[in-house]
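# Chains, contacts and geometry: an overview
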Amino acid sequence: MRQVTSAVATPAGIIIVGTGFAGLGMAIRLKRAGREDFVVLERAHDLGGTWRDNVYPGCACDIPSELYSFSFERNVRWSRVYPTQPELHAYLRESARKNDLHRHIRFHSEVTEARYDERAASWSVTTRTGETFVAPVLISGMGALSNPAFPDLPGSAGFAGPSFHASRWDHAVDFTGKRVAVIGTGASAVQFVPEIAKFVERLTLFQRTPPWVLPKFDGPIGSRKRRLLRSVPGYAAASRAALYWLLEIRALAFTRAPDILKYAEGLARAHVAKAIVDPALRARVAPHYRMGCKRVLISNDYYPALARENVDVVTQAIERIETSAIVTRDGVRHLVDAIVYATGFRAQDGIAPVRIVGSGGRTLEQAWRDGMSAYLGTSVAGFPNFFLLIGPNTGLGHNSMIYMIESQINYVLAALRTLRRRRARAFDVRPGVQAAFNAKLARKLAGTIWQTGCKSWYLDRNGHNTTLWPDFTFEFRRRTKRIHPRRYVWFA
Ligand code: NAP
């Protein structure tokens, strides 16, 4: 067993896992709080999380650039209203460089197990290569959408051509003049389908549930606005705040008054009608569930792409995959040269496949047997000194996840300060506090748009929403600002 000493100046007090927005944001704030005693473990060869992994054509964020960045590491040089993947990845790299994070990061360090030792009050973290890191505090920045989900389709292993998940795009494969199948019509597919439809010979899109798609008000950020952002004191902060409130209003529709969304449904129908003249295709892409129940997508080129002569939208369920075809339930063999799985992520598995072993040898998997749950999406009873960034019920359908991540970072810093002040070695949220918090969440979730009958990755196998925050984000910010010591057990 080896204590962390080589990658950081002093022995590790904190282990962070992951270098996406969550892990990097945590690391920057720790540094600014004067702490250098942390190490960041990253499974890949580069930093960036989602924005390193997702390199599919057209990959971008559907939250405006000005909001989709750290408030404490502002970027005033965005080129577009909505940031693209290369720009976001560059921003994260630059943030790491400016904050001198590289000497804390250990690449090629995929965590397989983290085990809490009650006597030592410390976490022992093992990587795939067999290294062990020990520290009193463990922070997961592993994200909820980092492990691809593949559908269980008979014959898929025997497909002869190239096939890959959208989040692991293989740019070595040239789709020019090829017959390409795309399975799935979620947030990823709507971004790359229009891009590849331009040069593939035929694109067969297998749609199980049509998404609701609204227009995207995108474009380059003009030189005047850029100048204002760069040189007028307070302008960038004011512009960011205005955007925040504009998006935050949507929480009302999602969580309190879902009927408001009926107006937006009309807008989406007009959006389809403008791009697709064929009534049969229009009918095929029309959603039959309430807007907002699944993630609302934004795109100007998705419907025009579906209307192209070389694109087919297949709504029959897939029965099996053969060496060179996808066979649907109606018996049709769709001949294809390549398959892209745009089938989402294993969001309901939490941070599996990492094995987290808490007090008394109980694993997180066991604790979550009946569904994921945490206190404020960050602490889990029985897992002392362990923090989850983007934990259960911290996801959003209406505003920037960076805001939620920053709120959670505030909470972690408050907890660490309180630990020091009380001269405690560990702290653990009381199970009753966690249960009461989740009972209240469940009551709030009952009235939301996400419970109106559709199937989505927001819900677990029992139909419980374990992923989204059912309230305003400023309410989450307020609740994560400080620690209420009586809600925790403190170990001397
Ligand atoms: P997703 O939204 O979960 O979509 C997966 C798609 O695959 C769905 O259309 C699903 O159909 C389909 N599917 C799954 N299994 C299938 C099967 N056996 N046969 C046919 N279709 C199948 O995944 P995603 O597009 O990767 O997006 C995941 C999340 O990542 C998003 O909700 C969003 O939070 C995030 N994301 C964000 C952005 C952004 O711009 N910020 C961009 C991309 C992704 P059903 O709907 O019927 O299940």
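Counting of residues starts from 1 at the beginning of each chain's written sequence and follows it residue by residue. Only residues with pLDDT of 70 or above have their local features reported here, since the model is predicted, and side-chain atom pairs are shown and tallied only from 80 upward, although totals for entire chains, interfaces and linings are computed over all residues. Here the side-chain values reflect all heavy atoms present in the structure, with hydrogen atoms and water set aside.

## What about the overall build of the chain?
Heads up, the condition is: Put simply, DSSP marks the helices as runs of H or I at least four residues long and the strands as runs of E at least two long, and each gets a number from the N terminus on. Here the globule rule is a power law, 2.2 Å times the number of residues to the power 0.38, and the radius of gyration is based on C-alpha atoms. Buried means the residue's accessible area, taken with a 1.4 Å probe over protein chains only, is under 20% of the maximum for its type, while exposed means over 50%, and partly exposed covers the values in between. It only takes one pair of heavy atoms within 4.5 Å for two residues to be counted as in contact. In this tally, Asp and Glu contribute negative charge and Lys and Arg positive charge; neither His nor the terminal groups of the chain are included. Each charge is placed at NZ for Lys, CZ for Arg, CG for Asp and CD for Glu.
Within the chain one finds 14 helices and 21 strands. The globule rule puts the C-alpha radius of gyration for 492 residues at 23 Å, and the 23 Å found for the chain is close to it. Oriented by its inertia axes, the alpha-carbon framework of the chain measures out at about 70 × 55 × 45 Å. A total of 492 residues make up the chain; the buried ones form 56% of that total. Nonlocal contacts in the chain, meaning residues at least 24 apart in sequence, comprise 73% of its contacts between residues at least 6 apart. Averaging the coordinates of the 68 positive side-chain charges in the chain and doing the same for the 41 negative ones gives two points 8 Å apart.

## Focus: the packing of helix H1 (residues 21-32) against helix H3 (residues 85-98)
Inclusion rule: Here an angle of 0 to 180 degrees is reported between the N-to-C directions of two axes, which are lines fitted to C-alpha atoms, with helices fitted over the stretch in contact. Any angle that is under 35 degrees is reported as roughly parallel, and any over 145 degrees as roughly antiparallel; angles of 65 to 115 degrees are reported as roughly perpendicular and all others as oblique. Each crossing gets its handedness from the near helix: less than a right angle anticlockwise from the far helix is left-handed, clockwise is right-handed. Just so you know the grouping, Ala, Val, Leu, Ile, Met, Phe, Trp, Tyr, Cys and Pro go in nonpolar, Asp, Glu, Lys and Arg go in charged, and all remaining residues, Gly too, go in polar.
The geometry of H1 relative to H3 is characterised by a closest axis approach of 10 Å and an angle of 25° between their N-to-C directions. When the axis of H1 is compared with that of H3, the two are roughly parallel. Crossing handedness for the pair H1 and H3: left-handed. Across from Phe21, Leu24 and Ile28 in H1, the residues of H3 making contact are Leu88, Tyr91, Leu92, Ser95 and Ala96. Split into classes, the residues belonging to the contact of H1 with H3 amount to seven nonpolar, one polar and no charged.

## Examining the nonpolar core
As a reminder of what qualifies: Put simply, a nonpolar core is a bunch of buried Ala, Val, Leu, Ile, Met, Phe, Trp, Tyr and Cys residues held in one set by side-chain atoms that sit within 4.5 Å of each other.
Core analysis: the biggest nonpolar cluster contains 94 residues, and Phe21, Phe175, Val182, Phe192, Val193 and Leu306 have the highest contact counts within it. The element contributing the most residues to this core is helix H12 (residues 401-421), with 13 residues. Each residue touching Val182, except ones within four places of it in the same chain, is listed here: Ala189, Phe192, Val193, Ile196, Leu203, Thr204, Leu205, Phe206, Val340 and Ala342. Formed by 27 residues, the second largest nonpolar core is a distinct cluster that contains Ile15, Val125, Trp368 and Val380.

## Remarks on the sheet that holds strand S4 (residues 111-117)
Applicable threshold: Two strands qualify as a pair provided DSSP detects at least 2 bridges between them.
Spatial strand order, S6-S5-S4-S18: four strands in an open sheet with mixed pairing. This sheet does not close on itself; its edge strands, each paired only once, are strand S6 (132-135) and strand S18 (355-357). For this sheet the average axis-to-axis angle between neighbouring strands, irrespective of direction, equals 15°. Examined bridge by bridge, S4 and S18 share three bridges and lie parallel to one another. Paired with Glu113 across the bridge in S18 is Arg355.

## Overview of the packing of aromatic side chains
Within a pair of aromatic rings, the relevant descriptors are the distance that separates the centres and the angle that separates the planes. Defined as follows: Aromatic pairing here means that ring centres of Phe, Tyr or Trp (its six-membered ring) are within 6.5 Å. Orientation follows from the plane angle: under 30 degrees is stacked, over 60 is edge-to-face, and everything else is tilted.
The full count for this structure, using the stated rule, is 32 aromatic pairs. Look at Trp245 and Phe474: their rings are 5.5 Å apart centre to centre, the planes differ by 40°, and that puts the pair in the tilted class. Separated by 229 residues along the polypeptide, Trp245 in helix H6 (residues 235-248) and Phe474 in helix H14 (residues 473-479) bring together distant segments of the chain. Measuring from ring centre to ring centre gives 6.4 Å for Trp450 and Tyr458, while their planes differ by 80°; the resulting arrangement is edge-to-face.

## Overview of the pattern of salt bridges
Applicable threshold: Here, a salt bridge means any Lys or Arg side-chain nitrogen found within 4 Å of an Asp or Glu carboxyl oxygen.
Scanning all chains against the criterion turns up 33 salt bridges. Between Glu309 and Arg202 there is a salt bridge, with the nearest N and O atoms lying 3.4 Å from each other. Taken together, the residues Glu309 in the loop between helix H10 (302-306) and strand S13 (311-314) and Arg202 in strand S10 (residues 202-206) connect sequence positions 107 residues apart. For Arg202, a relative accessible area of 25% puts it in the partly exposed group. Where salt bridges share partners, they join Asp259, Lys262, Glu265, Arg269 and Arg290 into one cluster.

## Here's the deal with the site of the ligand
Applicable threshold: The criterion for a residue being near a molecule or strand is simple. One of its heavy atoms has to lie within 4 Å of it. Residues adjacent in sequence count toward polar contacts only when both atoms are side-chain atoms; beyond that, a polar contact is any pair of N or O atoms within 3.5 Å, and within protein one must be able to donate a hydrogen and the other to accept it.
Asp62, Ala187, Ser188, Thr209 and Lys294 are the nearest of the 23 residues found near the ligand. Interatomic distance of 3.2 Å between a backbone N/O atom of Ala342 and an oxygen atom of the ligand. Between an oxygen atom of the ligand and a main-chain N or O atom of Gly344, the distance comes to 3.5 Å. Among the residues making up the shell around the ligand, the classes are represented as ten nonpolar, eight polar and five charged.

## Things to note about the state of the cysteines
Test applied: We call a pair of cysteine sulfur atoms a disulfide when they lie within 2.5 Å.
Considering all chains together, one arrives at one disulfide under this definition. For Cys61, which is in no disulfide, the shortest distance to another cysteine sulfur is to Cys59 and amounts to 8.7 Å. Its relative accessible area of 4% is what places Cys61 among the buried residues.

## A closer look at the pairing of S6
Neither face of S6 is left uncovered, since the one carrying Thr132 and Val134 and the one carrying Phe133 and Ala135 both have all their residues buried. Here four bridges tie strand S5 (residues 122-127) to S6, and the two strands are oriented antiparallel to one another. Across the sheet, residue Trp123 finds its bridge partner in S6, namely Ala135. Counted between consecutive antiparallel strands, the loop separating S5 from S6 contains four residues, among which Gly130 sits at a positive phi close to 90°.

## Describing the sheet that holds strand S9 (residues 179-183)
As summarised here, the arrangement of the five strands in space is S8-S17-S9-S10-S13, forming an open sheet in which the pairing is parallel. One side of each edge strand has no neighbouring strand; the edge strands of this open sheet are strand S8 (163-165) and S13. If you compare each strand with its neighbour and ignore which way they point, the axes differ by 15° on average. Two strands pair when backbone bridges link them, and S8 and strand S17 (residues 338-341) are joined in this way by three bridges, in the parallel orientation. Bridge pairing in S17 places Phe164 opposite Val340. Here helix H4 (residues 187-197) sits on the sheet and contacts S9, S10, S13 and S17; the angle it forms with S9, its principal contact strand, is near 170°.

## Looking at a positive patch on the surface
Test applied: Like-charged residues within 9 Å of one another, or nonpolar side chains (Val, Leu, Ile, Met, Phe, Trp, Tyr) within 5 Å, are grouped into patches, provided each residue has over 30% relative accessible area and no salt bridge. Surface exposure here means Shrake-Rupley accessible area, sampled with a 1.4 Å probe, where a residue is shielded only by the protein chains that are shown.
A surface patch of positive charge is lined by Arg77, Arg224, Arg227 and Arg230. Along the chain, Arg227 turns up in helix H5 (residues 223-231). Look at Arg227 and you get partly exposed, because its relative accessible area is 48%.

## Regarding the pairing of S10
The test is simple: When the strands point away from the viewer and the path from the first strand over the helix to the second turns clockwise, the crossover is right-handed.
Within S10, four of the five residues are buried, leaving the element largely enclosed by the surrounding structure. In this region the chain leaves S9, passes through H4 and returns to the parallel neighbour S10; the handedness of that crossover is right-handed. In terms of strand pairing, S10 meets S13 through four bridges, oriented parallel. By the bridge assignment for S13, Leu203 is matched with Val311.

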